[in-house]
Amino acid sequence: MADISSRYKAFSYKTRLHRGKPIKDITDSKGWNKTYLEISKLPSNVAVIPAGYEGRPDLLSFRLYGTSSYWWLLCVANSIIDPFEQLTAGKQIIVPIID
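Since this is a predicted model, take the numbers as computed values, not measurements.

Digging into the overall build of the protein chain
Part 1 of the argument: Along the backbone of the protein chain there are four helices and four strands.
Part 2 of the argument: In sequence order, the secondary structure elements of the protein chain are arranged as β-β-α-β-α-α-α-β.
Part 3 of the argument: Evaluated residue by residue, the protein chain yields a buried proportion of 25% over its 99 residues.
Part 4 of the argument: Once local pairs closer than 6 in sequence are excluded, the contacts in the protein chain between residues at least 24 apart make up 52%.
Part 5 of the argument: Summing over all exposed atoms, the protein chain offers an accessible surface of approximately 6900 Å²; the carbon and sulfur share of this is 57%.

As structure tokens, then:
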């Protein structure tokens, strides 16, 4: 079985509780901040989350980019840690323009 913890090696993290369960929070790490700053430099548009897309960055990515692979880009650009709580219908989000 693959060691899934290896994906965290690029970022320092703090273990904290989220919804009563321990998670690895990378949002205070230098790697995360560098990633966020680079993404924030991209040109972007603003979109509104339509009904039916709440908590589903994968579906938003597919609708906006034609692939579900950029769900993480939407989350990073909007500082979204928990899409189930933070992606709500009617909310404005930043949509980075990528080539």
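From this point, the discussion proceeds with the structure in view.
Re the pattern of salt bridges
Part 1 of the argument: Under the definition given, this model contains four salt bridges.
Part 2 of the argument: Among the ionic pairs, Arg 19 bridges to Glu 85, the shortest N-O distance being 3.3 Å. Taken together, the positions of Arg 19 in the loop between β1 (14-18) and β2 (21-25) and Glu 85 in helix α4 (residues 83-86) put the pair 66 residues apart, joining distant regions of the chain.
Part 3 of the argument: Exposure remark for Arg 19: the relative accessible area of 54% places this residue in the exposed category.
Part 4 of the argument: According to the relative accessible area criterion, Glu 85 is partly exposed, its value standing at 48%.
Part 5 of the argument: Note that Lys 41 is salt-bridged to Glu 38, the shortest N-O span being 3.4 Å.
Part 6 of the argument: Taking relative accessible area as the criterion, Glu 38 reaches 45% and is therefore assigned partly exposed.

A closer look at the packing of aromatic side chains
Part 1 of the argument: Counted under the stated rule, the structure contains one aromatic pair.
Part 2 of the argument: Centroid distance Tyr 65 to Tyr 70: 5.4 Å. Interplanar angle 70°. Geometry classified as edge-to-face.

Re helix α2 (residues 57-65)
Part 1 of the argument: Turning to α2, its buried residues number three or more, namely Pro 57, Leu 60, Ser 61 and Tyr 65. Across the axial projection of α2, the buried residues extend over an arc of 100°, all falling on one side. The exposed residues of α2 that point more than 90 degrees off its buried face are Phe 62 and Arg 63.
Part 2 of the argument: On its buried face, α2 sits against α3 (71-77), α4 and β4 (92-96).
Part 3 of the argument: Downstream of α2 by one or two residues, Gly 66 has phi in the positive range, about 85°.

Parameters at a glance
Residues numbered from 1 in each chain as written. Predicted model: local features only at pLDDT ≥ 70, side-chain atom pairs only at ≥ 80, totals over all residues. Heavy atoms only, no water. Helix = DSSP H or I, 4+ residues; strand = E, 2+ residues; numbered from the N terminus. Buried < 20%, exposed > 50% of the residue type's maximum accessible area, 1.4 Å probe, protein only. Contact = heavy atoms within 4.5 Å. Areas by Shrake-Rupley, 256 points an atom, 1.4 Å probe, with all protein chains shown as cover. Salt bridge = Lys/Arg side-chain N within 4 Å of Asp/Glu carboxyl O. Phe/Tyr/Trp six-rings, centres within 6.5 Å; stacked < 30°, edge-to-face > 60°. Arc of directions from axis to C-beta.

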